Amino acid sequence: MRCRYACGTAEHVASRRTFLSGLAAGFGAAAGIAAAPSVVQSAVASQLAGSQKRILTVFLHGGLSQLESWDPKPNTDTGGPFRAIPTSVPGVHISELLPLTARQMHRLALVRGINTRNNSHGTGQYEMCTGHKKSPAADYTHLGAMAAKLLTPDRFPLPGHVLIKAGGSGNAGPAWLGPRYAAVTLEEGQPPTHTTRPTTLAEATDLRRNAFRSAANDQ
């Protein structure tokens, strides 16, 4: 099925339904791994945890238009005002505003044609970050929490999921994975709350308190 708004280029030939089905299958497989402890301990999960892979997701809320970046749609009624320039991948063109990125396109995977058919930014964001439509009957795992579950080695001392945002709402929950994989949130450029030692608490007391907390977590 072609996108009705497609400009006819090769990038838009791919089936939106096929792509989203594959994406959902990927999230489903990840959820299955999270739900089955025996599978988590499998060789595949161990290999992921030992590979020291990290994922950085940049989600631009109301960011630049695709017409000014990845999909200028030249020679169409809905095209943007900027020229499309060739990239290091034959046949792939992006906006003239990204000349340095165009040289590195062979290192990138460009996906065009995703359409959630959702006019709400909030629910659309939820779909993009969880792979599921928002439902009052269930809460789904944020991709950051899922990545933390699959990639963080056991007893890793640092948070596996850090969320930096400018404020406002947004799903970043671990859902059924539990609070261990919840995000440490940095909002409005401020450090996480309740992370500094009160001046009335002696350092030795704080260390004993942390040791007790660690012992409780181990149980």
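Residues numbered from 1 in each chain as written. Predicted model: local features only at pLDDT ≥ 70, side-chain atom pairs only at ≥ 80, totals over all residues. Heavy atoms only, no water.

1. Thoughts on the overall build of the chain
Here's step 1: Across its full length, the chain holds seven helices and four strands.
Here's step 2: Ordered by position from the N terminus, the helices and strands of the chain form the series α-α-α-β-β-α-α-α-β-β-α.
Here's step 3: Counting only residues that meet the buried cut, the chain has 26% of its 219 residues in that class.
Here's step 4: If you take every contact in the chain between residues at least 6 apart in sequence, the share linking residues at least 24 apart comes to 44%.
Here's step 5: Element-wise, carbon and sulfur atoms account for 58% of the exposed surface of the chain, whose accessible area totals about 15100 Å². (Helix = DSSP H or I, 4+ residues; strand = E, 2+ residues; numbered from the N terminus. Buried < 20%, exposed > 50% of the residue type's maximum accessible area, 1.4 Å probe, protein only. Contact = heavy atoms within 4.5 Å. Areas by Shrake-Rupley, 256 points an atom, 1.4 Å probe, with all protein chains shown as cover.)

2. Some words on the packing of aromatic side chains
Here's step 1: Counting across every chain of the model gives one aromatic pair.
Here's step 2: Aromatic side chains Tyr-140 and Trp-176 sit 6.5 Å apart centroid to centroid with 90° between the ring planes, which places their arrangement in the edge-to-face category. With Tyr-140 in the loop between helix H5 (121–130) and helix H6 (143–151) and Trp-176 in the loop between strand E3 (162–165) and strand E4 (184–187), this residue pair connects regions lying 36 residues apart in the sequence.
Here's step 3: Assessed through its relative accessible area of 44%, Trp-176 is described here as partly exposed. (Phe/Tyr/Trp six-rings, centres within 6.5 Å; stacked < 30°, edge-to-face > 60°.)

3. Brief notes about H5
Here's step 1: Turning to H5, its buried residues number three or more, namely Gly-124, Gln-125, Tyr-126, Glu-127, Cys-129 and Thr-130.
Here's step 2: Directly after H5, the chain includes Gly-131, whose backbone phi takes a positive value near 80°.

4. Some thoughts on the pattern of salt bridges
Here's step 1: Across all of its chains, the model carries five salt bridges by this definition.
Here's step 2: With a shortest N-O distance of 2.9 Å, Asp-71 and Lys-73 are connected by a salt bridge.
Here's step 3: On the basis of relative accessibility, which here comes to 8%, the residue Asp-71 falls in the buried class.
Here's step 4: Across the salt bridge formed by Lys-133 and Glu-127, the nearest N and O atoms sit 3.6 Å from each other.
Here's step 5: Classification of Lys-133 by relative accessible area gives exposed; the value is 55%.
Here's step 6: A single network of salt bridges, built from pairs that share partners, joins Asp-71, Lys-73 and Arg-112. (Salt bridge = Lys/Arg side-chain N within 4 Å of Asp/Glu carboxyl O.)

5. A short note on the side chain of Lys-73
Here's step 1: Tracing the chain through its elements places Lys-73 in the loop between helix H3 (43–50) and strand E1 (84–86).
Here's step 2: Looking at Lys-73, its side chain comes within polar contact range of the side chain of Asp-71, at 2.9 Å. (Polar contact = N/O pair within 3.5 Å; in protein donor to acceptor, adjacent residues only side chain to side chain.)

6. Some remarks on unusual backbone geometry
Here's step 1: We note that Lys-73 has phi near 50°; this positive angle belongs to a residue other than glycine.
Here's step 2: You can call Lys-73 buried: its relative accessible area is 6%.
Here's step 3: With a phi close to 50°, Arg-117 is a non-glycine residue in the positive phi region.
Here's step 4: If you trace the backbone, Arg-117 turns up in the loop between helix H4 (99–103) and H5.

7. Brief notes about the confidence of the model for the chain
Here's step 1: Summarising the model, the chain shows a mean pLDDT of 77, and 74% of its residues fall at 70 or more.
Here's step 2: Ranking the elements of the chain by mean pLDDT puts helix H2 (residues 37–40) last, at 44, and H4 first, at 96.
Here's step 3: Contacts for the low-pLDDT stretch residues 1–6, under 50 throughout, to residues beyond four places or in other chains number 11 contacts.
Here's step 4: Residue range residues 27–41 is modelled with pLDDT below 50. Its contacts to residues more than four positions away, or to other chains, number 20 contacts. (pLDDT = per-residue confidence, 0-100.)

8. Quick word on the environment of Phe-82
Here's step 1: Note on placement: Phe-82 falls in the loop between H3 and E1.
Here's step 2: Along the primary structure Phe-82 and Glu-68 are separated by 14 residues, whereas in three dimensions their C-alpha atoms are 6.7 Å apart.

9. Quick word on a nonpolar patch on the surface
Here's step 1: Taken together, the side chains of Leu-56, Val-58, Leu-60 and Leu-64 make up a nonpolar region of the molecular surface, amounting to roughly 460 Å² of accessible area.
Here's step 2: Structurally, the position occupied by Leu-64 is in the loop between H3 and E1.
Here's step 3: Note on Leu-64: relative accessible area 48%, which makes it partly exposed. (Patch = residues over 30% accessible without salt bridge, like charges linked within 9 Å, V, L, I, M, F, W, Y side chains within 5 Å.)

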